[in-house]
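Given next are the chains, with one letter for each unit.
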Amino acid sequence: MTGSGRPVVIAHRGASGYLPEHTLPGKALAHGMGADFLEQDVVASSDGQLLVFHDLHLDQLTDVGRQFPGRARPDGRHYCIDFSLQELRTLTVTERQRGDGSGPRFPARFPANTGSFRIPTLEEELDLIQGLNRSTGRRAGVYAEIKAPGWHTEHRFGLGDRLLETLRAFGYRTAADGFFVQCFCAAELRRVRARYGGDVPLIQLLDDAGDVSREALAAIAGYAQGIGPTIGMAWPDRGLVSRARESGLLIHPYTFRADDLPEGFRTFTELLTPFIELLEVDGLFTDFPDLVIAHIRQRG
Ligand code: CA
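It should be emphasised that the depicted structure is a prediction, and the values quoted were computed from it without experimental measurement.

**As for the overall build of the protein chain**
Of the regular secondary structure elements, the protein chain holds twelve helices and nine strands. A compact globule built from 300 residues would reach a C-alpha radius of gyration of about 19 Å, and the protein chain, at 19 Å, matches this within 12%. A principal-axis box enclosing the C-alpha atoms of the protein chain has dimensions of 55 × 45 × 40 Å. Expressed as a percentage of its 300 residues, the buried residues of the protein chain come to 53%. A separation of at least 24 residues holds for 66% of the contacts in the protein chain among residues at least 6 apart in sequence. As displayed, the protein chain has an accessible area near 12,800 Å², and 50% of this comes from carbon and sulfur atoms.

The structure is reproduced here in structure tokens:
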């Protein structure tokens, strides 16, 4: 929740309903729309640079196959960690394509293969956010995810430490600085907690297979400030939210998309209403920050 008691609006990969995900224009738009937090998925390049990019491989979001023929692994994919920052800078980012090559994942969104979008580094994105915070006089927070920490460790890269050190260099140390660190991996969050202390606000992401028993949530509360469950875990069964509250955990469910409603919901308003007005979640990940903010304003 914000100070005013409404849930925080987390721009999921930026204003990704309108511009390709994790591009600086998409982040600027989300900032301008009034999102409380802008999300970063963080992965590494071969030369140890931190990139804001969702996938471990580049194929569904860039023209890597055309630009770097012969650089795929045996599985046919081109991995971020096999390319230097200099190489990655030459790629054009596009609207997300389906894995089977059958076209865009969200057909009504920004047209594919249009524009001149690039993969940003984490530092470039933090510069953009802090610059906008200054020029607009409105602070948007940072909400960074340690992506596949075990996979990065296998590639001899300590992603979590590099991410935390970069955030610190930009002034993000405690919740008061306006940030969260999120991860699906409990062991990594426990490690971050032990190394950087309890002031770093941590969110345990959960997928549908996650253990959300009372005991499991109490254990999460021992190292994290909140949980990020799926929409389906939190509603219509209200048990998870009430158990999480008992443990004192924040609840930030994902992902609210106006153009990809879960089964049983006819409109975006119908989806938002139970989460905001009945469950009173503390925050929401959304591809459409403007629509969530408008909903909250309208309902007072
Ligand atoms: Ca994420």
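**Examining unusual backbone geometry**
A cis amide bond links Trp235 with the next residue in sequence, Pro236, at an omega value of 5°. With respect to the helices, strands and loops of the structure, Pro236 is situated in the loop between α9 (231–234) and α10 (239–246). Cis rather than trans, the peptide bond between Tyr254 and Thr255 has omega equal to -15°. Mapped onto the elements, Thr255 comes out in the loop between β8 (250–251) and α11 (268–278).

**Description of the pattern of salt bridges**
In total, this model carries 22 salt bridges according to the counting rule given. Asp41 serves as the salt-bridge partner of Arg13, at 3.9 Å between the closest nitrogen and oxygen. Of this pair, Arg13 sits in the loop between β1 (8–11) and α1 (24–33) while Asp41 sits in strand β2 (residues 37–44), placing them 28 residues apart in sequence. Each of the two residues, Arg13 as well as Asp41, counts as buried. Note that Lys27 is salt-bridged to Glu125, the shortest N-O span being 2.9 Å. Here Glu125 lies in helix α4 (residues 122–136) and Lys27 lies in helix α1, a separation of 98 residues in the sequence. Glu125 carries the same exposure label as Lys27, and that label is buried. What you see here is one network of salt bridges that share partners, running through Arg13, Glu21, Asp41, Asp55, Arg96, Glu145 and Lys147.

**Section: the side chain of His78**
Here His78 lies in the loop between α2 (64–67) and α3 (85–88). Leave out the neighbours within four places in its chain, and His78 touches His57, Leu58, Asp59, Val64, Gly65, Phe68, Arg71, Ala72 and Phe83.

Procedures and definitions
Residues numbered from 1 in each chain as written. Predicted model: local features only at pLDDT ≥ 70, side-chain atom pairs only at ≥ 80, totals over all residues. Heavy atoms only, no water. Helix = DSSP H or I, 4+ residues; strand = E, 2+ residues; numbered from the N terminus. Rg over C-alpha atoms; globule rule 2.2 N^0.38 Å. Buried < 20%, exposed > 50% of the residue type's maximum accessible area, 1.4 Å probe, protein only. Contact = heavy atoms within 4.5 Å. Areas by Shrake-Rupley, 256 points an atom, 1.4 Å probe, with all protein chains shown as cover. Salt bridge = Lys/Arg side-chain N within 4 Å of Asp/Glu carboxyl O.

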